[in-house]
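# Fold and geometry: a report
The primary structure of each chain is shown beneath.
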Amino acid sequence: MGKTVLEDSWLAARSTDVHFTGVQLTTTNPPSSDDHVLWMPAVVPGTVLATLVKNKRIPDPFYGLNNEAIMDIGDSGREYYTFWFFTTFDCKLSTDQHVDLNFRGINYSAEVYVNGHETVLPKGMFRRHSVDVTDFLNPDGQNMLAVLVHPPDHPGTIPPQGGQGGDHEIGKDVAAQYVQGWDWMAPIRDRNTGIWDEVSITVAGPVKIVDPHLVSSFFDGYKRVYLHATTDLVNRSGKAADCSLSIQVSTELEGNTVLVENLQTKHVSIPAESHVQFTFPELFLYKPNLWWPNGMGKQSLYNVEITVNVDGYGESDAWSNHFGFRKIYSEIDSATGGRLFKVNGEPIFIRGGNWILSDGLLRLSKTRYQTDIKFHADMNFNMLRCWGGGLAERPDFYHYCDIYGLLVWQEFWITGDVDGRGDPISNPNGPLDHELFLYCARDTVKLLRNHPSLALWVGGNEQTPPDDINEALTNDLKLHPFFLKVNKSTEKEETTALTLTDPSQYLDGTRVYIKGSLWEGFADSQGGWSDGPYEIQKPEDFFKDDYYAYGFNPEVGNVGMPVAATIRATMPSEGWEIPLFNKLPSGYVQEVANPIWVYHKYIPYSKPDKVHDQILSYGKPKDLDDFCLKAQLVNYVQYRALLEGWTSRMWTKYTGVLIWKTQNPWTGLRGQFYDHLHDQTAGFYGCHHAAEPIHVQLNLSTYFIEVVNTTSSDLADMAIEVSVWNLEGACPYYKVTENLSVPSKKTVPMFEMKYPKSTNPKPVYFLLLKLYNPSDFRIISRNFYWLHLPDRDYQLLEPYRKKKIPLKMTSDISISGSTYTVHVNVKNTSKKPDKNSSLYKNSFIERYDDVVDFDSDLTSLYITKPEAGLLQKFYKRFSRVENASRVSEINGAEVGVAFFLSFSVHSTKQDHQPGEDTRILPVHYSDNYFSLVPGEEMAVTISFEVPKGVTPRVSLHGWNFDSAHTVH
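Here is what the cut-offs are and how they apply
Residues numbered from 1 in each chain as written. Predicted model: local features only at pLDDT ≥ 70, side-chain atom pairs only at ≥ 80, totals over all residues. Heavy atoms only, no water. Helix = DSSP H or I, 4+ residues; strand = E, 2+ residues; numbered from the N terminus. Rg over C-alpha atoms; globule rule 2.2 N^0.38 Å. Buried < 20%, exposed > 50% of the residue type's maximum accessible area, 1.4 Å probe, protein only. Contact = heavy atoms within 4.5 Å. Areas by Shrake-Rupley, 256 points an atom, 1.4 Å probe, with all protein chains shown as cover. Patch = residues over 30% accessible without salt bridge, like charges linked within 9 Å, V, L, I, M, F, W, Y side chains within 5 Å. Salt bridge = Lys/Arg side-chain N within 4 Å of Asp/Glu carboxyl O. Phe/Tyr/Trp six-rings, centres within 6.5 Å; stacked < 30°, edge-to-face > 60°. Lys NZ or Arg CZ within 6 Å of the ring centre and 35° of its normal. Pairing = 2+ DSSP bridges. Axes fitted to C-alpha atoms, helices over the stretch in contact; angles between N-to-C directions. Core = buried A, V, L, I, M, F, W, Y, C linked by side-chain atoms within 4.5 Å. 1 Å grid on protein atoms, 1.4 Å probe; cavity = no way out; pocket = protein on both sides within 12 Å on 5 of 7 lines; lining within 4 Å. Points joined across faces, edges and corners; volume = space filled by probe spheres on them. Nonpolar A, V, L, I, M, F, W, Y, C, P; charged D, E, K, R; others polar. pLDDT = per-residue confidence, 0-100. Arc of directions from axis to C-beta. Expected span 1.5 Å × (residues − 1). Polar contact = N/O pair within 3.5 Å; in protein donor to acceptor, adjacent residues only side chain to side chain. Left-handed = near helix turned anticlockwise from the far one by under 90°. Parallel < 35°, antiparallel > 145°, perpendicular 65-115°, else oblique. Lys, Arg positive; Asp, Glu negative; His and termini not counted. Charge placed at Lys NZ, Arg CZ, Asp CG, Glu CD.

## Here's the deal with the overall build of the protein
Regarding its fold elements, the protein presents 15 helices and 50 strands. For the protein, whose C-alpha radius of gyration is 29 Å, the value lies close to the compact-globule estimate of 30 Å for 968 residues. Over its C-alpha atoms, taken along the principal directions, the protein stretches across nearly 90 × 70 × 60 Å. In the protein, buried positions account for 61% of the 968 residues. In the protein, the proportion of contacts linking residues at least 24 apart, taken out of those at least 6 apart, comes to 73%. Surface accessibility of the protein: about 36900 Å² in total, with carbon and sulfur atoms responsible for 49%.

## Focus: a nonpolar patch on the surface
Residues Val258, Val260 and Leu263 make up a contiguous nonpolar surface patch of about 260 Å² in total accessible area. Relative to the helices and strands, Leu263 is located in strand E16 (residues 258–270). On the basis of relative accessibility, which here comes to 53%, the residue Leu263 falls in the exposed class.

## Side note on the packing of aromatic side chains
Each aromatic ring pair is summarised here by two numbers: the centre-to-centre distance and the angle between the ring planes. Evaluated as defined, the whole model comprises 59 aromatic pairs. With 6.4 Å between their ring centres and 45° between their planes, Trp409 and Phe552 make a pair best called tilted. In this pair, Trp409 is assigned in strand E26 (residues 407–411) and Phe552 in strand E29 (residues 552–557), connecting sequence segments 143 residues apart. A single burial state applies to Trp409 and to Phe552, both of which are buried. Between the aromatic rings of Tyr685 and Tyr929, the centroid separation amounts to 6.2 Å while the plane-to-plane angle is 40°, which identifies the pairing as tilted. Taken together, the positions of Tyr685 in helix H12 (residues 682–690) and Tyr929 in the loop between strand E46 (923–925) and strand E47 (930–932) put the pair 244 residues apart, joining distant regions of the chain. The class of Tyr929 is buried, set by a relative accessible area of 10%. Between Arg568 and the ring centre of Trp576, over which it is positioned, the NZ or CZ distance is 5.6 Å. Residue placement shows Lys735 over the ring face of Phe751; its charged tip is 4.5 Å from the ring centre.

## Observations concerning the sheet that holds strand E4 (residues 83–90)
Reading across the sheet, the 6 strands line up as E3-E2-E4-E10-E7-E8 and stay open at both edges, with antiparallel pairing between neighbours. Two strands in the sheet have a free side with no partner beyond their single neighbour: strand E3 (40–41) and strand E8 (117–121). Two strands pair when backbone bridges link them, and strand E7 (residues 109–114) and strand E10 (residues 142–150) are joined in this way by 6 bridges, in the antiparallel orientation. Within the sheet, the bridge partner assigned to Val114 lies in E10 and is Leu145.

## Side note on the sheet that holds strand E1 (residues 2–5)
Taking strand neighbours across the sheet as the criterion, the 4 strands line up as E1-E12-E5-E9 in an open arrangement whose pairing is antiparallel. Where the open sheet ends on each side, the last strands, each with one partner, are E1 and strand E9 (129–132). This sheet shows a mean twist of 25° between the axes of neighbouring strands, independent of strand direction.

## Notes on the nonpolar core
Core analysis: the largest hydrophobic core is formed by 232 residues, its most contacted members being Trp786, Leu797, Phe899, Phe903 and Ile942. The element best represented in this core is helix H11 (residues 624–648), accounting for 13 residues. Not counting residues up to four positions away in its chain, the partners in contact with Phe899 are Leu633, Phe766, Phe784, Trp786, Leu797, Tyr800, Phe930, Ser931, Gly958, Trp959 and Asn960. Grouped together as the second largest cluster of nonpolar side chains are 48 residues, Trp291, Met296, Phe323 and Ile348 included.

## Some words on empty space enclosed by the protein
One pass over the structure, following the stated rule, counts 5 cavities of 30 Å³ or more. Approximately 130 Å³ is the volume found for the largest cavity. What lines the largest cavity is a set of 16 residues, and nearest its centre among them are Asn294, Met296, Arg351, Asn382 and Thr710. The residue inventory of the lining of the largest cavity, partitioned by class, reads 8 nonpolar, 5 polar and 3 charged.

## Details of the confidence of the model for the protein
Residue-level pLDDT values for the protein average 92, and 93% of them are 70 or greater. Low pLDDT, under 50, characterises residues 487–492; the stretch is placed with 10 contacts to residues that sit more than four places away or in other chains. Taken together, the stretch residues 844–879 has pLDDT below 50 and engages in 59 contacts with residues farther than four places along the chain or on a different chain.

## What to know about helix H7 (residues 467–476)
Of the residues making up H7, those classed as buried are Ile469, Asn470, Ala472, Leu473 and Asp476. Buried residues of H7 fall within an arc of 165° about the axis and therefore sit on the same side. Summarising the geometry of H7, the exposed residues directed more than 90 degrees from the buried face are Asp467 and Glu471. Contacts from the buried residues of H7 go to helix H6 (434–448) and strand E28 (513–514).

## A short note on the pairing of E29
Burial analysis of E29 places 6 of its 6 residues in the buried class, the great majority of the element. As defined by bridge partners, E29 adjoins strand E32 (residues 656–660) across 4 bridges and the pair is classed as parallel. Paired with Asn553 across the two strands is Val657, which belongs to E32.

## Notes on the pattern of salt bridges
Side-chain pairing between opposite charges can occur once the charged atoms of the two side chains come close. In total, this model carries 39 salt bridges according to the counting rule given. In this structure, the salt-bridge partner of Lys630 is Asp626, at a minimum N-O distance of 3.2 Å. Of this pair, Lys630 and Asp626 are both found in helix H11, 4 residues apart, which corresponds to roughly one turn of the helix. Lys630 gets classed as buried once you look at its relative accessible area, which sits at 0%.

## Quick look at H11
For H11, which comprises 25 residues, the first-to-last C-alpha distance of 35 Å matches the rise-based estimate of 36 Å (1.5 Å per residue) to within 8%. Within H11, 23 of the 25 residues are buried, which leaves the element mostly enclosed by the surrounding structure. Its side-chain oxygen at 3.3 Å from the backbone nitrogen of Asp625, Asp623 defines the N-terminal cap of H11.

## Observations regarding the packing of helix H4 (residues 366–378) against helix H5 (residues 395–404)
At their nearest, the axes of H4 and H5 sit 9 Å apart, and the two run at 35° to each other. For the crossing formed where H4 meets H5, the hand is right-handed. Contacts between H4 and H5 involve Lys366, Tyr369, Gln370, Ile373, Lys374 and Ala377 on the former and, on the latter, Asp396, Phe397, Tyr400, Cys401 and Tyr404.

## Comments concerning the packing of H6 against H7
Two elements in contact, H6 and H7, have axes separated by 10 Å at closest approach and are oriented at 25°. When the axis of H6 is compared with that of H7, the two are roughly parallel. In this structure, H6 meets H7 at a crossing whose hand is right-handed. On the side of H6, the interface is formed by His434, Phe437, Leu438, Ala441 and Arg442, while H7 contributes Asp468, Ile469, Ala472, Leu473 and Asp476. Here the contact of H6 with H7 is composed, by residue class, of 6 nonpolar, 1 polar and 3 charged.

## Describing the side chain of Lys661
Its location among the elements puts Lys661 in the loop between E32 and H12. Buried charge without a salt bridge: Lys661, with Asp183 as the nearest opposite-charge side chain at an N-O distance of 7.6 Å. One polar contact links the side chain of Lys661 to the main-chain carbonyl oxygen of Arg670, over a distance of 3.1 Å. Of note is the side chain of Lys661, whose polar atom sits 3.1 Å from the backbone oxygen of Gly671. In this structure Lys661 touches Trp184, Asn354, Ile356, Arg670, Gly671, Gln672 and Phe673, once residues within four positions along its chain are discounted.

## Examining the environment of Lys54
Within the element layout of this structure, Lys54 appears in helix H2 (residues 48–54). In this structure, the C-alpha to C-alpha distance between Lys54 and Phe85, residues 31 residues apart in sequence, is 15 Å. Look past the residues within four positions of Lys54 in its chain and what remains in contact with it is Pro41, Ala42 and Val43.

## Things to note about the environment of Leu391
Along the polypeptide, Leu391 turns up in the loop between strand E25 (383–386) and H5. By relative accessible area, which is 1% here, Leu391 ends up buried. With residues near it in sequence (within four places) discarded, Leu391 still touches Met125, Phe126, Ala176, Trp196, Ile356, Leu357, Leu362, Leu364, Cys386, Gln410 and Trp413.

## Some thoughts on a negative patch on the surface
On the surface, Asp433, Glu435, Asp467, Asp468 and Glu471 cluster together into a patch of negative charge. Summarising the element assignment, Glu435 is placed in helix H6. A residue is classified by how much of its surface remains accessible, and Glu435, at 54% relative accessible area, is exposed.

If you want it as structure tokens, here you go:
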């Protein structure tokens, strides 16, 4: 009994090359894996294009200009990308057992054959299919499965000029719209045709459990909590079933012990061959651990299990799911006009990003999803918006958002560009089949509604659904009365709430539905084109009052150049040419990129007549490495300023911001914090610092030092240390201000930064800010800037590269299976610490994210170290730590800031080819692209998985030395 995922041993072939029917393929003429001409190993889940790439039948469409060499479905016709998929599975049933064949996502329609029996699956990319194949199984348990998958009905064509969503024909179907190309994405030639999500078989007894819905309600200051649960039950037997239906809520404790918080069993009788809906009486829990978003507290999750036992049979089916107790509420803020979100009664300032999808060929895996979501948590983001031109994201995506605390804004499949507002205007009435759209929407709600990370539903991107669809969604997703307003936690309200219709009987009932991304507290709230901008900015402008007029910006974009190694790994040598810098009569520079960069949607680092070229401000780049390094400097400055500018006006002007966009589903060159290969840009770490829960920052417009406190606790008796360092290695300005306090949920200007107004300030200088606790000198927030005087630039940093700053690195490594964790302590040894200055007394606070508690005081919030749990003890028992720390040094005789240091991890295998990308990816760094003032030291933790047969090498790069230095 239970689920078996069918993910191995799939074969695929183009339908026009196969001369057998589905009946023949699953009876007398099954394909052979030895037939390499016709059949090939298939990528399931995945797409036709993913299968063709895996088998080298087509070049990698994400490399260079290869995509132009691949036949587009608009030119070939749909048959060209209509494919057979075939596999076998073992399943032999006992008496009264039933088996379902489940597809969690097929694009776009299909015929399914099991042992010669045909089932036609209906259209729609975002719907589940479940086929009862009990009567189709072979007695010996050996079964054959063939699936003929058809592309979307309206794949469209790609106009010569490209455009947002091609010719917009894809909008006539209920499918992902990005596949016809966008200003950040090349067209996907097969339009994502394929079995793109999980395939499984599930075995159950006479009664099966379908789509349970869990809802929590709260009273008495979140101390008294009720769990509501409703599930569908299907009796597939020919007689009535007397059932015992149980629900259990449990949590795992120390030592592999499970604590059962609540257990309830009820009896229900289900008529023969019928379907019923059963609602459990409310389960009461006292003070359960709450689920909090990233930066607000722990992501506490419980396990909820529902089982059904049938008299005379035994356990017939079981369902289990993680569940987080939390309440999300939002309203239009009267002070700012922006949408204000509250979680468990606490306001949360939204700092997050727009998410497209992880991979444009839908090679979606749990491992890739975990990396993606952890990256966003590492940037200290708290929300992801699943953009309407992409996917209804998968349960694995939401699982990791639950784990790492990312709230999710999920849109349905409408975009302004494709659905009535684009150029040319098309599909003003949205998809052709409105009932299909609504079916897919309702099924998506059922698939995702139990995830605590899911925060709201939105009808579309920069557009609302057609009136009838919007009206239906508004009705289907109406809030249960309990969630219409903030609960005041009175006993009277508790009694009233429990007499209402149970909230778990709603389709959702707990999350707000907003009709479009530019309405009801987002952008101008009226649907005007009021998001953006999407290009390079003057960093100080983000702080100005006139930068953005509305309270919540759902899209603001910027640059996103990756590191040089990624360019070399994803483009031929013609793509390694850096842009030409053409000076215009106005004095501004226009970048002219090579054709491969243009194809990969490169966005310039200049905006003529508004922003001077930000890369040239560091000096004209010599080559690709120099260009990409200077681009990382700009990436860091741009994205840190963006988030600090918004946070500077927290609650007074803004309620949140979502950056367009955080990543690319292909090897694109705009709007990303990490590339498609999973290597982070410096902008990643600019966000990591700017979005930390407690943060010290420089307002680049007013030059006031500000402290941001997004937590629920007041800060008291804090100190700020300000030190300015010039390029000669001297500290011309030093100031410590003590006895500072910052209320909860506030940004407070503390004092003006005086140095630039002093006598003979240097044209380029470094600024180090530290917020710390004077009682023990532990750093709460550290922020490092490189700055220039007004109307100057950073070109003096170019000769500064010749300064050789000595560094000392002490590292140790622990290995658990294929997981390596390296701890590196880096020290700038160019000057001995001055014992009379607090500058060198600071020590970094160890942060253990898995024990952060929203209700903790400042001390426990940051320095409580968890006791070893079962998994940690297991790792300790079966992992090894190298015997001794390794010490390495970079020699230098000059005093100064060790500027823009970055780690990378490489393979040292002996057989790699010249020019081969030796990076090991992904890698998680606790910090990167950092700088150290004289005498300062910093600890960095580096973790990564190592492939078999590979020995890793950790390297350190920096502005002040030419080549990488091996650390460990």
